[in-house]
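The primary structure of each chain is shown beneath.
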Amino acid sequence: MKGYIGEFEELVLLTIASLGEDAYGVSIQENIEKISNRSISIGALYSTITRLEEKGLTKSWLGEPTQERGGRRKRYFEITHQGKLSLHHVKDLRDALWKLSKANLSLAK
Amino acid sequence: MKEQNIKPPNFVDQLFDWYCGNAPIEDLRGDMEELFYTNLGKMSVTRAKLKYLQQALSLIFSCAIKKRKQKSAYHQYSKQSINLSMIKNYLKIAFRNLIGHKAYTFINVLGLAIGMASCIMLALYIQSELSYDKGFIDAESIHKLILERKYPDQTKIQAGVPHSFASVLVNDYPEVERATTICGPFDDMIISYKGSDKTNLKFLENDVYAADSSFFRIFSFKILKGDRKTMLQHPKSMVLTESTAKRHFGDEDAFGKLITMSGDVFTVTGICEDPPANTHFKFGLVISIHTIERFNLDNFNRPDSYCYLKLKEGANPSALESKFPKMVDSYAAADFERVNKTSWADYKRAGNGYAYFLRPLTSIYLDPANIGGMKPSGNIILVRILVGIAILIFAIACINFINLATARSNERAREVGVRKVLGSFKRQLVFQFLSESFIVSFIGVGLAAILIIVSLPYFNLLTDKNLQIAFNSQTAFGLAVLIIVLSLLAGLYPSFVLSSFKPVNVLKGNFTATPKGKWIRSGLVIFQFWISISLVICTLIMQQQTTFLSQKDLGYDREELLVIEGDFHMKPSFARSLVSEINKMPQVLSSAGSLSMPAMDGIYPQQYQSEDSPEIRSIHTMYIGDEFAETMGFKLLDGNLFSFATNDSLSVILNESAVKTFGLSNPIGKKITFIEQTYGSGEQTTFTIIGVIKDFHYRTLHEAVNPLVIQSNEIIFSRMSYIVAKVKSGAYKEAISKIESKWKELAPDMPFRLRMVDGVLEAHYQKEKRMSKIFTLFSSLSIFVALIGLFGLSAYTASLRTKEMGIRKVFGAGIVDVFFLLTSGFTRTVLISFLLAAPISWYLMESWWLRGFAFRIQISIWTIVGVGIAALALALVTVTYQSVKAAITNPTRSLRNE
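Reading the values: the criteria
- Residue numbers run consecutively from 1 along every chain, following the written order of its sequence.
- Each chain is given a letter, starting from A, and each ligand a number, starting from 1, according to the order in which they appear as written.
- For this predicted model, a pLDDT threshold of at least 70 governs which residues receive local features, and a threshold of 80 or more governs which side-chain atom pairs are given and counted, while totals over whole chains, interfaces and linings are taken from all residues.
- Going along the chain from the N terminus, every DSSP run of H or I of four or more residues is numbered as a helix, and every run of E of two or more is numbered as a strand.
- To get the radius of gyration, use the C-alpha atoms; to get the globule rule, take the number of residues to the power 0.38 and multiply by 2.2 Å.
- To assign burial, the other C-beta atoms lying within 10 Å of each residue's own C-beta are counted, with C-beta atoms placed from the backbone; 20 or more indicates buried, 12 or fewer indicates exposed, and intermediate counts indicate partly exposed.
- Any residue pair is listed as a contact if its two C-beta atoms, each placed from the backbone, are within 7 Å.
- Per-residue confidence from the predictor is reported as pLDDT, a score between 0 and 100.
- What counts as an axis is a line fitted to C-alpha atoms, over the stretch in contact for a helix, and the angles between N-to-C directions run from 0 to 180 degrees.
- An angle below 35 degrees is treated as roughly parallel, one above 145 as roughly antiparallel, one from 65 to 115 as roughly perpendicular, and anything else as oblique.
- Three residue categories are used. Nonpolar comprises Ala, Val, Leu, Ile, Met, Phe, Trp, Tyr, Cys and Pro, charged comprises Asp, Glu, Lys and Arg, and polar comprises the others, including Gly.
- In these notes, a nonpolar core means any group of buried Ala, Val, Leu, Ile, Met, Phe, Trp, Tyr and Cys residues linked to one another through C-beta atoms within 7 Å.
- Paired strands, in this sense, are two strands between which DSSP finds at least two bridges.
- What the arc covers is the set of directions going from the helix axis to the C-beta atoms.

Chemist: Is there a simple way to explain the overall build of chain B in this structure?
Modeler: Of the regular secondary structure elements, chain B holds 28 helices and 24 strands. Computed over its C-alpha atoms, the radius of gyration of chain B comes to 38 Å, more than 25% above the 29 Å expected for a compact globule of 898 residues.

Chemist: Explanation requested: the overall build of chain A in the structure shown.
Modeler: The secondary structure content of chain A amounts to four helices and two strands. What you see in chain A, going N to C, is helices and strands ordered as α-α-α-β-β-α. In terms of overall dimensions, chain A is more spread out than a globule: its C-alpha atoms have a radius of gyration of 16 Å, far above the 13 Å expected for 109 residues. By principal-axis analysis of the C-alpha atoms, chain A measures approximately 55 × 35 × 20 Å. Burial analysis of chain A (109 residues in total) assigns 27% to the buried set. Put simply, of all contacts in chain A between residues at least 6 apart along the chain, 48% involve residues at least 24 apart.

Chemist: Whenever I open this one, the environment of B:Thr797 confuses me. Can you help?
Modeler: All names here are of chain B. Locating Thr797 in the fold gives a position in helix 24 (residues 766-800). Residue class for Thr797 comes out buried when judged on the 20 C-beta atoms lying within 10 Å of it. Placed 85 residues apart in sequence, Thr797 and Gln882 show a C-alpha to C-alpha distance of 9.0 Å.

Chemist: Which parts of the structure should I look at to understand the confidence of the model for chain B?
Modeler: In low-pLDDT segments, the atomic positions of the prediction should not be examined closely. Taken residue by residue, chain B gives an average pLDDT of 84. The fraction at 70 or more is 96%. In the predicted complex, the global pTM is 0.71; the interface-specific ipTM is 0.86.

Chemist: What should I look at first to understand the packing of helix 14 (residues 409-421) of chain B against helix 16 (residues 473-499) of chain B in this one?
Modeler: A packed helix pair is summarised by two numbers, namely the angle formed by the two axes and the spacing between the axes. Residue and element names in this part refer to chain B. In the contact formed by helix 14 and helix 16, the axes pass within 9 Å of each other and the chain directions differ by 55 degrees. In terms of axis orientation, helix 14 runs oblique to helix 16. Across the interface between the two elements, Ser409, Arg412 and Val416 from helix 14 touch Val497, Leu498 and Ser499 from helix 16. Along the lines of polarity and charge, the residues of the contact of helix 14 with helix 16 split into three nonpolar, two polar and one charged.

Chemist: Just to check I follow, could you spell out unusual backbone geometry for this structure?
Modeler: Trans is the common state for peptide bonds, and a negative phi is the common state for residues other than glycine. Residue and element names in this part refer to chain B. You will see that Glu560, though not glycine, has its phi angle at about 50 degrees, which is positive. As for its placement among the helices and strands, Glu560 is situated in the loop between helix 18 (515-551) and strand 14 (561-565). On the neighbour-count criterion, Glu560 (19 C-beta atoms within 10 Å) is partly exposed. With phi around 65 degrees, Glu627 is a residue other than glycine that occupies positive phi space.

Chemist: Which parts of the structure should I look at to understand the environment of A:Gln29?
Modeler: All names here are of chain A. Mapped onto the fold, Gln29 is located in helix 2 (residues 25-36). Exposure remark for Gln29: the 22 C-beta atoms within 10 Å place this residue in the buried category. Put simply, Gln29 and Leu45 are 16 residues apart on the chain and 7.1 Å apart in space, counted from C-alpha to C-alpha. Beyond its immediate stretch of four places on either side in the chain, Gln29 contacts Ile40, Ile42 and Leu45.

Chemist: What's the story with the interface of chain A and chain B in this structure? I'm lost.
Modeler: Interfaces are frequently sized by the accessible area removed from exposure as the parts join. Between chain A and chain B, the contact holds 16 residues from the first and 17 residues from the second. Going through the elements one at a time, helix 2 and helix 3 (42-55) of chain A are the ones with two or more residues in the side of chain A that touches chain B. Per element, the largest residue contribution to the side of chain A that touches chain B is six residues, and it comes from helix 3 of chain A. The residue makeup of the side of chain A that touches chain B, split by class, is five nonpolar, six polar and five charged.

Chemist: Would you take a moment to explain the nonpolar core for this structure?
Modeler: Across soluble globular proteins, nonpolar side chains show a tendency to be buried alongside one another. All names here are of chain B. Of all hydrophobic cores here, the largest spans 94 residues; its most connected members are Met116, Ile393, Ile533, Ile537 and Leu790. It is helix 24 that provides the largest number of residues to this core, a total of 16 residues. Those residues in contact with Met116 that lie beyond four places of it in its chain are Ala397, Gly444, Val445 and Ala448.

Chemist: I'm lost on the pairing of strand 12 (residues 306-311) of chain B in this one. Help?
Modeler: The side chains of a regular strand alternate between the sheet's two faces. All names here are of chain B. Counting buried residues along strand 12, six of its six residues qualify, which places the element largely inside the surrounding structure. Going residue by residue along strand 12, you find Tyr306, Tyr308 and Lys310 tucked away on one face and Cys307, Leu309 and Leu311 tucked away on the opposite face as well. In terms of strand pairing, strand 1 (residues 142-150) meets strand 12 through four bridges, oriented antiparallel. Across the sheet, residue His143 finds its bridge partner in strand 12, namely Leu309.

Chemist: Before we go on, may I ask you to explain helix 7 (residues 165-172) of chain B in this structure?
Modeler: Because the α-helix completes a turn every 3.6 residues, residues three or four places apart line up on one side. Residue and element names in this part refer to chain B. For helix 7, the full list of buried residues reads Phe165, Ala166 and Leu169. All buried residues of helix 7 project into a common sector of 110 degrees when viewed along the axis, lining one side. Looking at the buried side of helix 7, the elements it contacts are strand 1, strand 3 (176-186) and strand 12.

This is the structure we're talking about:
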């Protein structure tokens, strides 16, 4: 398992996973904005997706043309097995660290 | 999505599409649009649009698009890599298209070929005019010394200067590297030498010059034999040009031969190349200037030779020029005062003076003042006009292509539509059409090259030049550039028009050529005819003026008039006996001798003073023999002419203008005083006026008739250098042979030269004649090219309207109606061009060309109208073929497919 995914990459990957069949540019952006309550530009999003695709963590395909969007097709995204593995890897790493530092991380004072 | 009619800003889309090129961005555009409409629900339209722009920019700067572009570049349908197979395909399709429409291709190629041939020929001519004297080594640093002679009433630019300044310039001014004096031409020099069979051969040699040894060191003429530095150093040395040497000695080596000329024996010390045609030099024989005694004496005042100097590198000619006034004062003043016995300061105060300046060698030929002196000069205005004409003909030829291509748009639209549907990019279509125009230009220019090779000899005859088209890499490169420029100029507009059709419109079948296209086409046709009609009108006016010049009454009778050219040194006794012998011939009406000949030579300004006024006037003066005035047919108004019975050495005859200038009311018997100035003696002679004659043209018609004083040649020992003979009509040939045999009998040693006065006069208007011929040629070519285009255009217009005409005929229109319908458009176009052309060409000729003549025609309205009618008739004839064809077509043919 080479490579290492950044925070925003992780966010995008998880969002794609959460959207399932309906993960395309606008829906991903809206979801990230809703959940994380921050504004992201479509350029930044596509930069990240392109990077993820190059790393082999996501794949994409063009959907069928519909009446919406002037007949332009949507590009749908999906997490590859590799993507799932790296998400799990990140999570495992975090869980292990959480376990070790639970006492110190307690919010109660 | 509630506000469907609000759209994302168009320019952002365009920017985005342009930036992305052919990268697949459908999904991105979709996302952007979706976001935009979502945003519309949340915020104002302006903000949504701003946001849209922001999104687009964020994408443009993201690496996502960069990656997509990189990927698409390797795609097999990418338009970024124009690969060889695609180009091959373009050319193949273009060829098929051109072969499939043979008539169209032929018209296009023919128009382009003729247009380009004209342009290239003009370019050759212009290039040759501009190349004068540029071939010398260091031509840029060589200058000619020019004299501006100032008189109280006028200034005159003179090519000749006093010879002593050359040595002064070299000695006094360090920036002058070298200076040379060359003097001439000495014409009619009799040279003699021993032939191969030891007999003495005598020949007449023209274009003899005398120069010092610096001449061949400044001017890099090729030296075939002899030492460049020393061959003119010693008196009685002589340099022959290659052709002169060949003429006299054939294959024998001329070097070292002895040649006798005017009593001196010269040694041939060098042989140089003939001065190239594109220099302002013309000599056949150069002798050392030190042979002539007067060139060894100082002379700072009397212009007698040409002076050239070569400046050192980096020297500034105008800085040198500014030192000339001082030079004149310090050298010329003493000389002047010694000769003229008047004070230099007074002379200058009276408004006289000598101002010297420099002219670069390379500008001499085209200088309007003919400061070269050895050859007729070029004409910078003519060169500029020819550049203009070349550009205009080029434009006319390009317009043909543009018009024919866009006129065919209906035909090509369907093809464009199908290509686009099948995935052609616009850029590919542009290339497709450009390759068609490239092929046409290629063939056109190739044909033009052939046309030029065939017609160049005739063009050379017309222009009296030796133009050549060299087969070298430079020419090939020039032609290649021409082909590319031509195919771009002619093809760019049509390719963009044709490739921009929208496939939806075209394939639905309701495509019609836009009225805009039609307007542009008519505009271009108007331009073409405007130019060619203007050229034709100008040409016609030029022709009329040249005819006018050659037929104008000169004030003397030039018909059946022969002139024998002797020279000043002809013995008076010989000349007199020849005149009386000629007078005895039955073919001759009368004969007389003279030192001056109208339209030829021997007429100079001299200074005179009349009885009643102290003013000294400079007036042209002729020296004629007894009965010369009668033979020439001068019209006597008052008093008498010179006659054999009287001694006329102190009598003068004035022309009317001279009488007016002197302000004499009753001139006969009045006295005028002649003040010698040519040799600077200032000697005064008083003459009595014995007659007044009507003004006649003693120079060319470029000049107005000025005052003229006629003295008798008896004051110069009755010398004659011209003998004129008035011949009975029809007896030309007999008279000439009789005179010649008489000459041979009396003077076997002297060359016999006889000309007809008519021919002499014609020669003066050569320049105008040549110009009018060049104009005739190119104006006819330009109108021809325009007509070719019109023919093609009318063919397409007619073909587009076949069905319309068919329907009209079915509904009862006659052949004549159809004909008029088809031709009226063209008639209007040509009429508009004529209306534009008429005033412009009138203005041009009036204000520019005719102004150069003292005697000129008035431009007749009918000439201009005539050209208009002729142009209209030509245009009608051109379109008639197609129109008649359309008009007589049976409607069952044109409509049977409906």
